[in-house]
Amino acid sequence: MIKLEHITQTYVSPDGTAFDALKDVSIHIRSGEIFGIIGRSGAGKSTLVRCINLLNRPTSGSVIVDGQDLTKLSDDNLRKVRRSIGMIFQHFNLLSSRTVYDNIALPLELTGTPKDQIREKITPLIHLVGLDEHANKYPSQLSGGQKQRVGIARALANDPKVLLSDEATSALDPETTVATLELLKRINQELGVTIVMITHEMNVVKQICGRVVVMNKGEIVEEGDVIDIFARPQSETTRALIGQVMARDLPQSIVDTVNASRALNGRDNVHLLHLSFIGGEVTEPVISLASREFGINFNILRGTVDDLQGRTLGTLTLLVVAPGETYRKAVEFIRDRGVLVEEIQNV
Ligand SMILES: Nc1ncnc2c1ncn2[C@@H]1O[C@H](COP(=O)(O)OP(=O)(O)OP(=O)(O)O)[C@@H](O)[C@H]1O
């Protein structure tokens, strides 16, 4: 559906200094999926997503949407293709002098659509985003979540195949974020619109994306199914972003437990482990088996279970008291059975 191939974007400042905002980025987004692009501020996400509709013309590389290389189209043809790519923004970008109805109608007015056809198109869209009672209000009379719903309906006015969302929930409170993401999910499922989510929040990715790329300093540092990224993060950037939602930083109570155990059993014999596993992939009672096999006890300090797009991700924080050699064999034993085991150091 969308293929970004070897995209580079170099900005040149007035004093002639060149800055590479995107360095050889390639992404393939499939038709009908909700695809996440995540990274910290300045990673190049906005620059990248604006390449998809060529609001940003990359310095090099190709942008292929539905089989057409947009970088090779005439301005006229590009304008037509852009209608099939809707976009929503962090700050909504609504016209304050227009009502909800007129904001949503604007893209159709711009293409010269007759008034009765506009009404036929807009009325169900207003209903879809749940704004029936607010159609004649002005943006200043709406909450943030309602404004974003107007933005979403406006982005759908031209029946796009693709919806680009640039930090669309970043200005919303957590509850409104959940409701807005639910609406986007429904639009994806009911209308079959491919959605590209730009975000710096892992909880957004966790709630609705199927696949994700993680960006850092203009490069892709990791990509894959969201559940695999959560269960087996490879890069420091990803670990830090996941830390936001998985609360992997240890609470003081756990640190106290570890220290008390060290005082009792000796520092070298006390180990702290973080285990992640995907539901269905680990079928054996791994912890009990390891406990029996090596004659050691595992003390469960913390556990979480998350649902990610219908798949289950479990995590456990364990305290293990065992001499080095036995401990290493037990870790190996658990890893061999499909569980990701990380040793938590520096506690
Ligand atoms: N027009 C421009 N001229 C020069 N540098 C730019 C321009 N636009 C973006 N940049 C720089 O490119 C880098 C990537 O910016 P971009 O906005 O794409 O990042 P981002 O990941 O979307 O971050 P944010 O969430 O803060 O917008 C940043 O260092 C930014 O300062």
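Reading the values: rules and limits
Residues numbered from 1 in each chain as written. Predicted model: local features only at pLDDT ≥ 70, side-chain atom pairs only at ≥ 80, totals over all residues. Heavy atoms only, no water. Helix = DSSP H or I, 4+ residues; strand = E, 2+ residues; numbered from the N terminus. Buried < 20%, exposed > 50% of the residue type's maximum accessible area, 1.4 Å probe, protein only. Contact = heavy atoms within 4.5 Å. Areas by Shrake-Rupley, 256 points an atom, 1.4 Å probe, with all protein chains shown as cover. Lys, Arg positive; Asp, Glu negative; His and termini not counted. Charge placed at Lys NZ, Arg CZ, Asp CG, Glu CD. pLDDT = per-residue confidence, 0-100. Pairing = 2+ DSSP bridges. Axes fitted to C-alpha atoms, helices over the stretch in contact; angles between N-to-C directions. 1 Å grid on protein atoms, 1.4 Å probe; cavity = no way out; pocket = protein on both sides within 12 Å on 5 of 7 lines; lining within 4 Å. Points joined across faces, edges and corners; volume = space filled by probe spheres on them. Nonpolar A, V, L, I, M, F, W, Y, C, P; charged D, E, K, R; others polar. Near = heavy atom within 4 Å. Polar contact = N/O pair within 3.5 Å; in protein donor to acceptor, adjacent residues only side chain to side chain. Expected span 1.5 Å × (residues − 1). Salt bridge = Lys/Arg side-chain N within 4 Å of Asp/Glu carboxyl O.

**Q** Got a sec to walk through the overall build of the protein? Specific residues and values, please.
**A** Summing up its helical and strand segments, the protein has 12 helices and 14 strands in all. The proportion of buried residues among the 347 residues of the protein is 48%. A separation of at least 24 residues holds for 70% of the contacts in the protein among residues at least 6 apart in sequence. Split by element, the accessible area of the protein, about 16700 Å² in all, is 47% carbon and sulfur. Within the protein, the 42 negative side-chain charges are centred at a point lying 2 Å from the centre of the 38 positive side-chain charges.

**Q** Can you tell me about the confidence of the model for the protein, naming the residues and giving the values?
**A** Mean pLDDT over the protein: 92, with 98% of residues reaching 70 or higher. For this predicted complex, the interface score ipTM comes out at 0.94, alongside a pTM of 0.86.

**Q** Give a description of helix α1 (residues 45-52) that names residues and reports values.
**A** Burial of α1 is extensive: six of the eight residues sit out of reach of the surface. If you check which residues of α1 are buried, you get Lys-45, Thr-47, Leu-48, Val-49, Cys-51 and Ile-52. Leu-54 sits one or two positions beyond α1 and adopts a positive phi of about 60°.

**Q** Explain the environment of Thr-283 to me, and be specific about the residues and the numbers.
**A** By the element assignment, Thr-283 lies in the loop between β11 (270-278) and α11 (286-294). Between the alpha carbons of Thr-283 and Asp-173 there is a distance of 39 Å; along the sequence they are 110 residues apart.

**Q** Mind laying out the sheet that holds strand β8 (residues 194-199), listing which residues take part and the relevant values?
**A** The sheet built from six strands is open, its strands ordered β6-β7-β8-β3-β9-β10 with mixed pairing. Of all the strands in the sheet, just β6 (85-89) and β10 (219-225) have a single pairing partner and so form its edges. When strand polarity is set aside, the average angle formed by the axes of neighbouring strands in this sheet is 15°. In this sheet, β8 lies alongside strand β7 (residues 162-166) in parallel orientation, the contact comprising five bridges. Considered in β8, the bridge of Asp-166 is made with Ile-198. Of the strands in this sheet, β6 and β7 are in contact with helix α5 (residues 144-156), which crosses β6 at around 170°.

**Q** Give a description of the layout of surface pockets that names residues and reports values.
**A** Reported here for the largest pocket is a volume of approximately 620 Å³. Forming the boundary of the largest pocket are 18 residues, of which Arg-82, Ile-85, Pro-107, Leu-110 and Asn-158 lie nearest the centre. Those elements giving two or more residues to the lining of the largest pocket turn out to be α2 (75-82), β6, α3 (100-110) and α5. It is β6 that contributes the most residues to the lining of the largest pocket, four residues altogether. Looking at the lining of the largest pocket, its residues break down into nine nonpolar, five polar and four charged.

**Q** Describe the site of the ligand, naming the residues involved and giving the relevant values.
**A** Taken together, Tyr-11, Phe-19, Ala-21, Arg-40, Ser-41, Gly-42, Ala-43, Gly-44, Lys-45, Ser-46 and Thr-47 make up the full set of residues adjacent to the ligand. Within the contact set of the ligand, a nitrogen atom lies 3.5 Å away from a side-chain nitrogen or oxygen of Tyr-11. Thr-47 is positioned such that a nitrogen or oxygen atom in its side chain is 2.5 Å from an oxygen atom of the ligand. At the level of elements, β2 (18-29) and α1 are the ones that each hand at least two residues to the shell around the ligand. With three residues, α1 is the largest single contributor of residues to the shell around the ligand.

**Q** Give a description of helix α4 (residues 115-128) that names residues and reports values.
**A** Between the first and last C-alpha of α4 there are 20 Å, a value that for 14 residues agrees with the 20 Å anticipated at 1.5 Å per step. Within α4 the residues assigned to the buried category are Ile-118, Ile-122, Leu-125, Ile-126 and Leu-128. Elements in contact with the buried residues of α4: α3, α5 and α6 (174-191). In the segment just after α4, Gly-130 is the residue with positive phi, at about 75°.

**Q** Break down the pattern of salt bridges for me, with residues and values.
**A** As enumerated under the stated definition, the model contains 13 salt bridges in all. Here Asp-76 and Arg-79 are joined by a salt bridge, their closest N and O atoms 3.3 Å apart. Of the two residues, Asp-76 and Arg-79 are both situated in helix α2; the distance of three residues between them amounts to about one turn of the helix. Classification of Arg-79 as partly exposed rests on a relative accessible area of 47%.

**Q** I'd like a rundown of the pairing of strand β1 (residues 2-12), residues and numbers included.
**A** Looking at chain direction, β1 and strand β4 (residues 60-65) are connected through five bridges and run antiparallel. Along β4, the bridge assignment pairs Lys-3 with Ile-64. Here β1 runs beside β2; their pairing, made up of eight bridges, is antiparallel. The partner of Val-12 across the bridge, within β2, is Ala-18.

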